[in-house]
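Architecture and fold: a report
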Amino acid sequence: MVSADSAALKPEVAAYQYHIKSQDVLEIRNLQNSKNIVDLTPAQGAVSSQGGATTQSETYQVEEDGTVALTGLGHVAVVGLTRYEAQKKIEELYQKTFLKQPIIALKIVNLKVTILGEIKSQGNFQLTKDKTTLIELIGEAGGLTEKADEKNIKIIRGSEKSPHVTMIDLNDMGAINDPAALLQSGDIIYIAQNKRATRTDNFQNFSTLIQPALILFNTALIIFTLVRK
C-alpha cells in the first residue's frame, strides 16, 4: 500500500531518470575484445584479461564545467545526460577516433541511499543500476529483522526543509512494482518496529528502570524488620 502522500510523487518517480551533475564520479570500462582494442594508456586504470578479453576501468570526476577528461578524447560534456546517454556518447566518440566497435560500460558510482531501522545491515548502499527497487535494496541489506513492521516502511526524499515521505506496505504485492518504490540517490529508508516488538522493548525498559527501586525497597524492608526485633 502506498500512502496518499506518495500518490503526488508518482508522476515524478515514474519519469525519474538520474541526470549527471558536476562532481559526480563516473566509472568507465571498455569491454572490447583485446584484438580490436587500441591500447591508449596501458599504465593507467585497472586492466584485467580473461579468455582474450581486456577490460580497462577508470574513474573520472565530472568537473565544474560539466565535462570529464577522457584519455584520447579530451574534455567530453556529460552534465545533464542520463547514464545511458553518456555511455552511448562516449562509445560513439571512441569509435570515430580510436576503437573499432567499442563496448563502453559506464556507472555513476557516487549514487547512494541510506537504510536504517529494522534491517540486518544498516548503512549506505550504492545504486549500481538505473532502476533499483526497495525490494532489491532490502535483499542487498540482508533482509528485515524479526522486529520489522513490513507494513510501515518509509522512503524519505527531498530537502530537509521540504521532505517527501512515501509509506510502503510490503504485504501489498502492488507495492513491489509501484513506481514510488524505485529508489533515488539520497533517499533515506526507515523500517519501523512492529507493535509486538515495541511493547516488548517498552516492558524491558520499564523492568530495567523499576528493578533498582525494588532492590532499595526490599533492603529498606529488611532493615526495618531487623530494627523492630
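Residues numbered from 1 in each chain as written. Predicted model: local features only at pLDDT ≥ 70, side-chain atom pairs only at ≥ 80, totals over all residues. Heavy atoms only, no water.

**Observations concerning the pattern of salt bridges**
A side chain of one charge can pair with a side chain of the opposite charge when the charged atoms of the two come close. Which entries qualify depends on this criterion: Salt bridges are identified by distance alone: a Lys or Arg side-chain nitrogen within 4 Å of an Asp or Glu carboxyl oxygen. Helix and strand assignments follow DSSP, with helices taken as H or I runs no shorter than four residues and strands as E runs no shorter than two, numbered in order from the N terminus. Any residue under 20% of the maximum accessible area for its type is buried, any over 50% is exposed, and the rest in between are partly exposed; the area is computed with a 1.4 Å probe on protein chains only.
Enumeration over the complete set of coordinates arrives at four salt bridges. Taking the shortest distance from any N to any O, the salt bridge between D130 and R83 comes out at 2.9 Å. Of the two residues, D130 is situated in the loop between β8 (123-126) and α4 (134-140) and R83 in helix α3 (residues 83-97); the sequence distance between them amounts to 47 residues. Relative accessible area serves as the criterion here: at 43%, D130 is assigned to the partly exposed category. Here K88 ties to E91 by a salt bridge, and the two come within 2.8 Å at their closest N and O atoms. In this pair, K88 and E91 are both assigned in helix α3, three residues apart and thus about one turn of the helix distant. A relative accessible area of 28% places K88 in the partly exposed class.

**Notes on the nonpolar core**
Selection criterion: Nonpolar cores were defined as sets of buried Ala, Val, Leu, Ile, Met, Phe, Trp, Tyr and Cys residues, with membership established by side-chain atoms within 4.5 Å.
With 37 residues, the main nonpolar core has L26, I115, L134 and I189 as its most contacted residues. Elements with a minimum of two residues in this core: β1 (25-30), β4 (67-70), α3, β6 (104-108), β7 (112-117), α4, β9 (148-158) and β11 (188-193).

**Quick word on α3**
Operational definition: To estimate the expected span of a helix, subtract one from its residue number and multiply by 1.5 Å. Our arc is simply the arc of the directions from the helix axis toward the C-beta atoms. Contacts are assigned to residue pairs that have any heavy atoms within 4.5 Å of one another.
Its 15 residues place the ends of α3 22 Å apart at the C-alpha level, agreeing with the 21 Å of an ideal helix rising 1.5 Å per residue. Taken as a whole, α3 has its buried residues at A86, Q87, I90, E91 and Y94. Along the axis of α3, the buried positions cluster into a sector of 130°, meaning they face one direction only. Where α3 is buried, its residues meet β1, β4 and β6.

**Brief notes about a nonpolar patch on the surface**
How we decide: Each patch groups residues whose relative accessible area exceeds 30% and which form no salt bridge, using 9 Å between like charges and 5 Å between nonpolar side chains of Val, Leu, Ile, Met, Phe, Trp and Tyr. Per-residue and other accessible areas follow the Shrake-Rupley method at a 1.4 Å probe size, with only the shown protein chains counted as cover for residues.
Together, L116, I188 and Y190 make up a nonpolar patch on the protein surface, roughly 230 Å² of accessible area in all. Checked against the element boundaries, L116 lands in strand β7.

**A word on the pairing of β8**
What counts, and what does not: Whether two strands pair comes down to DSSP finding at least two bridges between them.
By the bridge criterion, four bridges tie β7 to β8 in an arrangement that is antiparallel. Its bridge partner being in β8, K112 is matched across the sheet by Q126. Counted between consecutive antiparallel strands, the loop separating β7 from β8 contains five residues.

No statement about biological role is implied by the geometric values presented.
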